[in-house]
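# Fold and contact review
The residues making up each chain are set out below.
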Amino acid sequence: MIHYTVSCDPLAHLYTVTMIFQAEEPGVEVMLPVWTPGSYLVREYSRHIQDFSCNNPWEKIAKNRWRIQTSVNAQVILTYRVYAHDLSVRTSHLDASHAYINGACIFLLYEPQRDQPHRVTLIPADLNWRVATALTMETDWIYRAENYDILVDSPIEMGIHTRYSFTVLDTLHHLVIWGRGVYSPEQIVADLSQIIRTTAQIFGTLPYPEYLFILHLADTYGGLEHHNCTSLLYPRMNMVGPKYERFLQLAAHEFFHLWNVKRIRPTTLDQFNYGQENYTSVLWFCEGATAYYDELLCYRCGFYPEDRYLQLLSEAITRLELTPGQTIQSLSSASFDAWIKLYRPDENSLNSTVSYYLKGHMVIWLLDLMLHDQGQGGMDQVMQTLWARGGAYREADLWQTIEAVAGLDLTEFYKKYIQGTDPLPYAMLLEPFGLQLTTHVDRLPYTGLRLQEEKPILRAVETDSPGQKAGLAPGDELVAWDGLRITLKQWPDLILMYPVGTPITVTFFRRDELLTTTLIPAPARVNQYRLVQMEHPTPQQQARYRAWLNY
């Protein structure tokens, strides 16, 4: 058994880790992951390691690898420290109030013993601290994982926090909250319980003996799924009022991942390579289907009414249709290139990429409608079929499952909307349900300029827009519009001052140089889409609509 001991220095934000194991060969290598499952970006965790030492001669052979000289069956003792001052669900954090340990950031891997049990002894900075983790407890402060993958997939929250335990479907659950905020624990527990019950209705069972929700209340947002738990990060003042809705969607999203990704996942993510990117072309399903279900589950839970759910779909359609990059990058490509594009946006991402979360959400929704139109059980039946089959799937197997449930050959759909960039067929798939899309045209002439929220500085310029044709570029600071000063407050009024097609002199700074150009605004474009019910739907349309919304 590999054994780690972790102690804390909160003031320096440093974990001290001791790792002890028996060598299986004359000379061993250890490595630290460069990414954490569920977050598809190489984060170079080893940059935070310092003071590495060993009881045997050693050398660093790569950015995240160390080679130790030893003999077979000899004991190897490593000690190192890890800086942890980034509060997110993908990293580790340590201060005077708590220690949050994301295993990928902290625990070195000895590959030959990856499948062996791993034990962790925790040494708290304060004996009043408590521990919350999905790891198996052996004794106070000592925990065990059946293998390294489970260790990495079981974050540890240690510190001053509040625990609420509750039972749903005869299964014990825990909610642990760290951080100050305004919230009702009774309401959160009741709502989480409803999410658990509603999700379990799809799959028929809860696939764990016990489950943990770790909630950090701070000033930011995030979520990450794990094998038998989840980490949630949410703004401390948004746990009441209208913004609480988004927390429920976040919780539903990460809980649905318990099946979709953690247990139903592509073969390319079935055995992780922690030292490099793990490519897959189906994140549009892993994340897109989960994004679809997080809003749908909250509707089924009764957290908001039908009209609000249609509004949420309308907002997603609008975000997608106002993304020029959807005509450039396919869903398959967006999935495969997640490692270099989605998590590393730049000023041209708007024009060249599409989110597999967002477009995947829309494609899964349309597939759900298509399946219901065929009289099938919709995406619920697809998820149930994948769950019943068990194990990892190939991309071809996934699509064949969807086709089998639909009873249709969906090759063209796949080529056009997943491998291709064709416009999504909203009208065709909405009509059988008595639904339609209406549009709203912007009151402002079209310039293609996207300004920052704080200053009149361009954060993006749309491809082939009047702004791009005028030579404006991201980073330009707008100064004057036909000689009048540009401010964020005055910007809309300045655009409306002149008829469409009127040449406008724009003055701007680029790298401290004052320049001018001429911009010719184009006619206003659609800036909002709204999903509405037809005025006089047929009985057949009404029946399909009710079947889709499950009431």
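Residues numbered from 1 in each chain as written. Predicted model: local features only at pLDDT ≥ 70, side-chain atom pairs only at ≥ 80, totals over all residues. Heavy atoms only, no water.

## Looking at the overall build of the protein chain
Our working rule: Runs of E in the DSSP output that reach at least two residues are strands. Runs of H or I that reach at least four are helices, and both are numbered from the N terminus. The globule rule used for comparison is 2.2 Å times the number of residues to the exponent 0.38, while the radius of gyration itself is calculated over C-alpha atoms. Note on exposure labels: buried denotes an accessible area under 20% of the residue type's maximum, exposed denotes more than 50%, and partly exposed covers the range between, all computed with a 1.4 Å probe on protein chains only. Residues count as neighbours in contact if any of their non-hydrogen atoms are within 4.5 Å of one another. We get accessible surface area from the Shrake-Rupley algorithm with a probe of 1.4 Å; when it comes to residues, only the shown protein chains can shield them. Counted as positive: Lys and Arg. Counted as negative: Asp and Glu, with His and the chain ends omitted from the count. Charged groups are reduced to one reference atom each: NZ for lysine, CZ for arginine, CG for aspartic acid, CD for glutamic acid.
From N to C terminus, the protein chain includes 17 helices and 27 strands. In summary, the protein chain has a C-alpha radius of gyration of 26 Å against a globular reference of 24 Å for 551 residues, a match within 12%. For the C-alpha atoms alone, the extent of the protein chain along its principal axes is close to 80 × 65 × 45 Å. Buried residues in the protein chain amount to 54% of all 551 residues. Long-range pairs, those at least 24 residues apart, make up 67% of the contacts in the protein chain with a sequence separation of at least 6. Just so you have it, the protein chain exposes about 23400 Å², and 49% of that area is on carbon and sulfur atoms. For the protein chain, the centre of its 44 positive side-chain charges and the centre of its 60 negative side-chain charges are spaced 2 Å apart.

## Considering the nonpolar core
Generally speaking, a soluble globular protein has its nonpolar side chains buried in company with each other. In plain terms, the rule: Working definition of a nonpolar core: buried Ala, Val, Leu, Ile, Met, Phe, Trp, Tyr and Cys residues. They are joined through side-chain atoms within 4.5 Å.
Grouped together as the largest cluster of nonpolar side chains are 150 residues, with contacts concentrated most on Y15, W365 and W548. Considering every element that reaches this core, the biggest residue donor is helix α10 (residues 356-373), with eleven residues. Residues L458, A470, L478 and W491 belong to the second largest nonpolar core, which totals 17 residues.

## Things to note about unusual backbone geometry
Its identity is not glycine, yet W141 carries a phi of approximately 75°, on the positive side. Along the chain, W141 turns up in the loop between β12 (136-139) and β13 (142-145). Here the phi dihedral of D512 falls at roughly 70°; this positive angle occurs in a residue that is not glycine. Its place among the elements puts D512 in the loop between β25 (504-510) and β26 (513-519). Overall, the relative accessible area of 76% leaves D512 in the exposed class.

## Let's talk about the packing of helix α11 (residues 378-389) against helix α12 (residues 395-406)
The criterion, for reference: Every axis corresponds to a line fitted to the C-alpha atoms, with the helix fit spanning only the stretch in contact, and the corresponding angles, defined between N-to-C directions, vary from 0 to 180 degrees. In these notes the angle categories are as follows: under 35 degrees is roughly parallel, over 145 is roughly antiparallel, 65 to 115 is roughly perpendicular, and the rest is oblique. A clockwise turn of the near helix away from the far one marks a right-handed crossing, whereas an anticlockwise turn of less than a right angle marks a left-handed crossing. Residues are sorted three ways: Asp, Glu, Lys and Arg are charged, Ala, Val, Leu, Ile, Met, Phe, Trp, Tyr, Cys and Pro are nonpolar, and all the rest, Gly among them, are polar.
Contact pair α11 / α12: the axes reach a minimum separation of 10 Å and the direction vectors enclose 130°. Here α11 is positioned oblique relative to α12, judged by the angle of their axes. In this structure, the crossing between α11 and α12 has a hand that is right-handed. Between α11 and α12, the contacting residues are G378, Q381, V382, T385, L386 and R389 on the first element and D397, L398, T401, I402 and V405 on the second. For the contact of α11 with α12, the residue count by class is five nonpolar, four polar and two charged.

## A word on the environment of I264
Looking at the element boundaries, I264 is found in the loop between α4 (244-256) and α5 (283-286). C-alpha separation for the pair I264 and A392, spaced 128 residues apart in sequence, amounts to 6.0 Å.

## Here we look at the pattern of salt bridges
Put simply, the rule is: Salt bridges are defined as contacts in which a side-chain nitrogen from Lys or Arg sits within 4 Å of a carboxyl oxygen from Asp or Glu.
As enumerated under the stated definition, the model contains 18 salt bridges in all. Where E59 meets R67, a salt bridge forms, and the shortest distance between an N and an O atom there is 3.3 Å. E59 sits in the partly exposed class, given a relative accessible area of 40%. A salt bridge links D476 to R510; its shortest N-O distance comes to 2.8 Å.

## Observations regarding the environment of N527
The test is simple: Polar contact is defined as a pair of N or O atoms within 3.5 Å, subject to the rule that within protein one atom must be able to donate a hydrogen and the other to accept it, and that residues adjacent in sequence are counted only when both atoms are side-chain atoms.
Relative to the helices and strands, N527 resides in strand β27 (residues 526-533). Non-local contacts of N527, meaning those with residues more than four positions away in its chain, are made with T318, L322, H440, V441 and D442. Here the side chain of N527 touches D442 through a polar contact of 3.5 Å, landing on its backbone nitrogen.

## Brief notes about the side chain of T91
Residue placement: T91 occurs in the loop between β7 (75-83) and β8 (93-94). A distance of 2.7 Å separates a polar side-chain atom of T91 from the backbone oxygen of D86. One polar contact links T91 to S88, side chain to side chain, over a distance of 2.7 Å. Residues within four places of T91 in sequence aside, it is in contact with Y45, D86, Y100, N102 and C105.

## So, helix α17 (residues 539-549)
To keep it simple, the criterion reads: Taken from the helix axis, the directions to the C-beta atoms give the arc we talk about.
What α17 keeps buried is the set Q541, Y545, W548 and L549. Buried residues along α17 cover an arc of 85° about the axis, so they all sit on one side. Packed against the buried residues of α17 are α6 (288-300), α7 (306-321), α10, β20 (435-441) and β27. Trailing α17 by a residue or two, N550 shows a phi angle of about 65°, which is positive.

## Examining the sheet that holds β8
Put simply, the test is: Pairing between two strands is assigned when DSSP locates at least 2 bridges connecting them.
If you walk across this open sheet you meet the four strands as β8-β9-β14-β11, and the pairing is antiparallel. The sheet terminates laterally at β8 and β11 (130-133), the two strands that pair on one side only. As defined by bridge partners, strand β9 (residues 98-101) adjoins strand β14 (residues 156-159) across four bridges and the pair is classed as antiparallel. Counterpart to Y100 in the pairing with β14 is E157.

## Some points on the sheet that holds strand β19 (residues 229-235)
Pairing within the open sheet is mixed, and its five strands lie in the order β15-β16-β17-β19-β18. The sheet is open, and its two borders are formed by β15 (162-168) and β18 (222-225), each paired with just one other strand. Taking each pair of neighbouring strands and ignoring which way they run, the sheet shows an average axis angle of 15°. Across the face of the sheet, helix α3 (residues 185-203) comes into contact with β15, β16 (171-178) and β17 (210-218) while running at roughly 35° to β15. Packed onto the sheet, α4 meets β17, β18 and β19 and runs at close to 160° relative to β19.

## Overview of the environment of N102
Structurally, N102 can be placed in the loop between β9 and α1 (103-106). Judged by relative accessible area, which is 1%, N102 ranks as buried. Between the alpha carbons of N102 and S355 there is a distance of 26 Å; along the sequence they are 253 residues apart. Once residues within four sequence positions are removed from consideration, N102 is found in contact with T36, Y45, V89, R90, T91, S92 and V152.

## Points about the packing of α10 against α17
Each pair of packed helices can be summarised by the angle the axes make with each other and by the distance between the axes. Where α10 meets α17, the closest approach of the two axes is 10 Å, and the angle between their N-to-C directions is 125°. In terms of orientation, α10 lies oblique with respect to α17. Here α10 and α17 pass one another in a crossing that is right-handed. Contact with α10, carried on its side by W365, D368, L369, H372 and D373, involves R544, A547 and W548 of α17 and no other residues of that element. Of the residues in the contact of α10 with α17, the class split is four nonpolar, one polar and three charged.

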